[in-house]
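So you can see what is in the structure, the chains are spelled out below.
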Amino acid sequence: MIVPRPLAALLARVYCRTTGSGSSSSSSSGRAFSGVQWFSSLAEPELKVCIVGSGPAGFYTAQHLLKYHKSSVVDIYEKLPVPFGLVRFGVAPDHPEVKNVINAFTQIAHHDRCSFYGNVSVGKDISIEELKQAYHALILTYGAEANRILGIPGENLLGVYSARTFVGWYNGLPENRNLNPELSSETAVILGQGNVALDVARILLSPIDMLKKTDIATHALEALAASKVKRVLLVGRRGPLQVAFTIKELREMINLPGTCPLLNPSDFEGLQQMIKDLPRPRKRLTELMIKAALEKPSEKEAEHRAAATKEWGLQFLRSPVEIVPSNDGKRVAGIRLAVTKLEGSGKSAKAVQTEDVEDLECGLVLSSVGYKSYPIDPSVPFDQQQGIIPNNLGRVLQAPGLYCSGWVKRGPTGVIVTTMNDGFETAVSVLEDVRLGSLNVSASKGGFKDIEALLKQRGVRPVSFSEWEKIDAVEVAKGEKAGKPREKLLGVQEMIKAHP
Amino acid sequence: MAAARRCCSFALRAARPRRRARGPGAASVPLVTQGAQAARSGKSFIHLLNSTQLLVRLASLDARVTGELTDSRPQRDIGQSPAESGDHLCLFPDVRQCEDSSQKPESLTDVVNVTFIDRSGRKIPVKGKVGDNVLYLAHENGIDLEGACEASLACSTCHVYVNEEHFDKLPEAVEREEDMLDMAPVLQLNSRLGCQIILTKELEGMELTLPKITRNFYVDGHVPKPH
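Conventions we followed
Residues numbered from 1 in each chain as written. Chains lettered and ligands numbered in written order. Predicted model: local features only at pLDDT ≥ 70, side-chain atom pairs only at ≥ 80, totals over all residues. Heavy atoms only, no water. Buried < 20%, exposed > 50% of the residue type's maximum accessible area, 1.4 Å probe, protein only. Helix = DSSP H or I, 4+ residues; strand = E, 2+ residues; numbered from the N terminus. Patch = residues over 30% accessible without salt bridge, like charges linked within 9 Å, V, L, I, M, F, W, Y side chains within 5 Å. Areas by Shrake-Rupley, 256 points an atom, 1.4 Å probe, with all protein chains shown as cover. Salt bridge = Lys/Arg side-chain N within 4 Å of Asp/Glu carboxyl O. Lys, Arg positive; Asp, Glu negative; His and termini not counted. Charge placed at Lys NZ, Arg CZ, Asp CG, Glu CD. Pairing = 2+ DSSP bridges. Axes fitted to C-alpha atoms, helices over the stretch in contact; angles between N-to-C directions. Contact = heavy atoms within 4.5 Å. Core = buried A, V, L, I, M, F, W, Y, C linked by side-chain atoms within 4.5 Å. Polar contact = N/O pair within 3.5 Å; in protein donor to acceptor, adjacent residues only side chain to side chain. Phe/Tyr/Trp six-rings, centres within 6.5 Å; stacked < 30°, edge-to-face > 60°.

**Student:** Would you take a moment to explain helix α8 (residues 163-170) of chain A for this structure?
**Tutor:** Every α-helical turn comprises 3.6 residues, leaving residues that sit three or four positions apart pointing alike. Residue and element names in this part refer to chain A. By the criterion of burial, α8 is predominantly enclosed, with eight of the eight residues buried. Turning to α8, its buried residues are Ala163, Arg164, Thr165, Phe166, Val167, Gly168, Trp169 and Tyr170. Of the residues trailing α8, glycine 172 is marked for its positive phi of about 75°.

Take a look at the structure:
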């Protein structure tokens, strides 16, 4: 049966009038019909969205919105002139396949309803309030830039760095390029047993011939070539069943050429029995550690270990209490660790310090105990304790029109698939709110036009995606000369100058 | 019903030339329920309930045809040139998704029919051919399967569940695939990475289910019933 279109349109207008403009306080029946509102207008009203942060969270959230809302316009703002966040500055140089996701993100940025505005620092160059005026929805995806601190004496001595800073240093993050880390002693201690800790250990011990073919920053390559570090110990306050790294990274470490694992057999005795009923990922990971620690190496493996000049180890049930200074009081000479014992088991096991301590000699300490987010603006709610923006499925609590996704939403853990799902979840929350009327899109918004004027007044010059592509081309060309995939430009000024 | 759909499609295309026609798909919004809810509310238009239901059903049809709101899963363009699909999100650089894809198998003996089951439970039959990589086959058919690392075993975004009968026919996963599967959310015994499944004649009839992502996730834009 067909209703003639003019009659159908008339009926729709009648219903739309009775449902009102979709305010969130309307009755459920009104809300049920708000989905029909579009029928009376030829296209869905435009949804202007501002995304703050151009890492995986920003791009995956953008992707979902662009795909499922045909009138959405998505502007991605980024503090640096270059996009992609941790994919560019966090993923290790020897993991180029993980960076393939940049191709998908590039496609998203090329979408005609998507724009990228680099070199704009939200909270400094433009305020959250100004963005709220210009956009229907604001999605915060600016990640976790801060480190959790140890809070122990000696944390500020020369030779003590956060793993994050060290990663930024070898990955060419502009603010870390002058780190000049202490690589003159034989032993480095990494506090923490996650994937970042393993990345740092691997970069410290990898043969230079392997590293020089990657996009590692040249200053880091040169410093590592001259490094005296031969032994890296990853120290964790809990036990083997609580390690946070994952199996792929552990396998890579075990197989790293020129190195030998230092695993204490007594840490692993009896463990095989305990893991029988654990979920598969934990079981396989623990089995690999047990094998590396207890199994007699094959002939080939034994040869490989005998020829190794470097070593790496895992130390469990040790918690740092003090970083011990050298005689002149300026640099780290060692670390004092309290022996701990576990209370409880599995993921929720807690480490409790005992009276016993142990001292480890070392000249480099890297703290890899987790990241934290900063609050971006006083007007945005922030949970200081958890270090995240309080939210429900990506809707910022007590802040209509404000959403979040990625690490700033759920905490700084997980891999690309976790952030992808997370970004989609937040996008769905936005789309639901549009459809249910709790996000009001009836008034049109100025979007970037409004922001552009303000930025100009303040002397801020945004970098467009095509300008990033020019920077990209310069980096790739420079890299080719050195046999690398790219040579990253290290300074914000250099990046901006790299395109006319 | 098909006549109505075509009629609607024609009328809409006249009005909105940029919109793409879509194939049939189940409307995921329970419209009859919405009509019934309106009835219970006691509003003055109740006497037009039958027309309301018709209108709303027509609206959902409209949505199916235009791809707005209820069913915006990107599908192969039907009868529309690539130039018109300006706001279609071309996500996959290596795959000719935007063109009227003529990935027809060379001969009948090459054909492998598989079914994808998307995140809302919808079954999508797909004609693949021997040698096809399931991840890229999904992309060619507009299925929402991400492949962040581009089939290099460095992520688990192409995680799928394989139906039991065909799961056993797949060659065993290499260690590197198992390692990446360990990272996949909601891992099941029949989990595999789509980028590691290559079609053979033996896999005729295979069903590949996309894992549900989160409790909030309705990929086709379904709006949950208001309480």
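Continuing now.
**Student:** What is the right way to look at a positive patch on the surface in this model?
**Tutor:** A cluster of basic residues, Arg148, Arg237, Lys350 and Lys372 of chain A, forms a positive patch at the surface. Residue classification places lysine 372 of chain A among the partly exposed positions, given a relative accessible area of 33%.

**Student:** Sorry, what's going on with the sheet that holds strand β6 (residues 160-162) of chain A here?
**Tutor:** Residue and element names in this part refer to chain A. Read across the sheet, six strands follow the order β6-β14-β7-β8-β10-β9 without closing on themselves; strand pairing throughout is parallel. Sheet topology places β6 and β9 (259-262) at the edges, where each strand pairs with a single neighbour. On average, each strand axis in the sheet is tilted by 20° relative to the strand beside it, whichever way the strands run. Where strand β7 (residues 187-191) and strand β8 (residues 231-235) come together, five bridges link them in parallel fashion. For isoleucine 190, the partnering residue across the bridge sits in β8 and is leucine 234. Running over the sheet, α8 touches β6 and β14 (364-367) and is turned about 80° from β6. Its contacts with the sheet put helix α9 (residues 195-205) on β7, β8, β9, β10 (310-315) and β14, and the angle it makes with β8 is roughly 175°.

**Student:** I tried to follow the nonpolar core on my own but got confused; where do I start?
**Tutor:** Residues and elements named next belong to chain A. Core analysis: the biggest nonpolar cluster contains 50 residues, and Phe166, Tyr170, Val200, Leu204, Val232 and Leu250 have the highest contact counts within it. At seven residues, α9 tops the list of elements feeding residues into this core. Excluding residues that lie within four positions of it along the chain, leucine 250 makes contacts with Leu198, Phe245, Leu285, Leu288, Met289 and Trp312. Leu47, Tyr68, Val434 and Leu439 belong to the second largest nonpolar core, which has 47 residues in total.

**Student:** What is the right way to read the side chain of arginine 318 of chain A from this model?
**Tutor:** All names here are of chain A. Here arginine 318 shows up in strand β11 (residues 318-325). Accessibility expressed as a relative area gives 17% for arginine 318, which makes it buried. Within the structure, the side chain of arginine 318 is placed 2.9 Å from the side chain of glutamate 358, a separation counted as a polar contact. The contacts of arginine 318, once residues within four sequence positions are left out, are Val235, Gly236, Arg237, Leu337, Ala338, Val339, Thr340 and Glu358.

**Student:** Mind showing me how you'd approach the sheet that holds strand β12 (residues 332-343) of chain A here?
**Tutor:** The pairing of strands in a sheet happens through backbone hydrogen bonds and is either parallel or antiparallel. Residue and element names in this part refer to chain A. In space, the three strands of this open sheet follow the order β11-β12-β13, with antiparallel pairing throughout. Looking at the sheet topology across the chains shown, the edges are occupied by β11 and β13 (350-361). Neighbour-to-neighbour, the strand axes of this sheet turn through a mean angle of 20°, independent of strand direction.

**Student:** Where do I start with unusual backbone geometry in this structure?
**Tutor:** Residues apart from glycine generally show negative phi values, whereas peptide bonds are mostly found in trans. Residues and elements named next belong to chain A. Its identity as a non-glycine residue notwithstanding, phenylalanine 84 has a phi of 90°, on the positive side. Secondary-structure assignment places phenylalanine 84 in the loop between β2 (72-77) and α5 (86-89). Note on phenylalanine 84: relative accessible area 1%, which makes it buried. The backbone phi angle of leucine 393 is positive, close to 55°, even though this residue is not glycine. Among the structural elements, leucine 393 can be located in the loop between β16 (391-392) and β17 (395-396).

**Student:** How should I be thinking about the pattern of salt bridges in this particular structure?
**Tutor:** As a working rule, side chains carrying opposite charge can pair if their charged atoms are close by. All names here are of chain B. As enumerated under the stated definition, the model contains 36 salt bridges over all chains in all. Here lysine 169 ties to glutamate 165 by a salt bridge, and the two come within 3.7 Å at their closest N and O atoms. Relative accessible area serves as the criterion here: at 33%, lysine 169 is assigned to the partly exposed category.

**Student:** Even after reading the chapter, I still don't get the packing of aromatic side chains, so can you show me in this structure?
**Tutor:** Each aromatic ring pair is described using two quantities: the centre-to-centre distance and the angle formed by the ring planes. Residue and element names in this part refer to chain A. All chains considered together, the criterion is met by 16 aromatic pairs over all chains. Ring geometry for tyrosine 77 versus phenylalanine 448: centroids 6.4 Å apart, planes at 50°, classification tilted. Highlighted residues: tyrosine 77 in strand β2 and phenylalanine 448 in helix α18 (residues 448-457), separated in sequence by 371 residues. Their ring planes at 35° and their centres at 5.2 Å tell us that phenylalanine 166 and tryptophan 169 sit as a pair that is tilted. Residue phenylalanine 166 and its partner tryptophan 169 are both found in helix α8; the two are separated by three residues, about one turn of the helix. For tryptophan 169, a relative accessible area of 2% puts it in the buried group. Of the aromatic side chains, those joined through ring pairs into one cluster are Phe59, Tyr60, Phe84, Phe105, Phe116, Phe424, Phe465 and Trp468.

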